[in-house]
Amino acid sequence: MPSYQLRDTATRQLLARGLADYAAAEAALDRIDDELEHDLAANGEGAGRIRLRLDIEKVTAGLTEAVGHHVLLLGVDGPSDPLPAL
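In this report, we go over the structure that sits alongside the text. (Residues numbered from 1 in each chain as written. Predicted model: local features only at pLDDT ≥ 70, side-chain atom pairs only at ≥ 80, totals over all residues. Heavy atoms only, no water.)

**Overview of the packing of aromatic side chains**
Phase 1 of the analysis: Under the definition given, this model contains one aromatic pair.
Phase 2 of the analysis: Measuring from ring centre to ring centre gives 6.3 Å for Tyr 4 and Tyr 22, while their planes differ by 90 degrees; the resulting arrangement is edge-to-face. Here the residue Tyr 4 occupies a position in strand S1 (residues 3–8), and Tyr 22 occupies one in helix H1 (residues 22–42), the gap between them amounting to 18 residues.
Phase 3 of the analysis: The exposure class assigned to Tyr 4 is buried, which follows from its relative accessible area of 13%. (Phe/Tyr/Trp six-rings, centres within 6.5 Å; stacked < 30°, edge-to-face > 60°. Helix = DSSP H or I, 4+ residues; strand = E, 2+ residues; numbered from the N terminus. Buried < 20%, exposed > 50% of the residue type's maximum accessible area, 1.4 Å probe, protein only.)

And the structure:
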């Protein structure tokens, strides 16, 4: 039976594995997004429009196949910094 996992496209770091199906992988993406936003806020940091590219991979009998690609945009909904007055 296949399982799904999430991997950072740039670093190839595995972020989640053993997910039951594609919907579970999408839910894990939402959790990662929420956790990152929360951690940044707890540290008093703005996200500064961070862009993360993540792959959803399907694992079947030890073989890994990319089946989806998502881009998480952090800090897009936050207020933008106005330009200083001249």
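**A closer look at the pattern of salt bridges**
Phase 1 of the analysis: In total, this model carries three salt bridges according to the counting rule given.
Phase 2 of the analysis: Arg 7 is the salt-bridge partner of Glu 57, the closest N and O atoms lying 3.1 Å from each other. In this pair, Glu 57 sits in strand S3 (residues 50–60) while Arg 7 sits in strand S1, placing the two residues 50 residues apart along the sequence. The burial state of Glu 57 is the same as that of Arg 7; both residues are buried.
Phase 3 of the analysis: Glu 57 is paired through a salt bridge with Arg 12; the nearest N and O atoms lie 3.2 Å apart. (Salt bridge = Lys/Arg side-chain N within 4 Å of Asp/Glu carboxyl O.)

**Looking at a negative patch on the surface**
Phase 1 of the analysis: Taken together, Glu 26, Asp 30, Asp 34, Glu 35, Glu 37 and Asp 39 make up a surface patch of like negative charges.
Phase 2 of the analysis: In this fold, Asp 34 is placed in helix H1.
Phase 3 of the analysis: Judged by its relative accessible area of 51%, Asp 34 falls in the exposed class. (Patch = residues over 30% accessible without salt bridge, like charges linked within 9 Å, V, L, I, M, F, W, Y side chains within 5 Å. Areas by Shrake-Rupley, 256 points an atom, 1.4 Å probe, with all protein chains shown as cover. Lys, Arg positive; Asp, Glu negative; His and termini not counted. Charge placed at Lys NZ, Arg CZ, Asp CG, Glu CD.)

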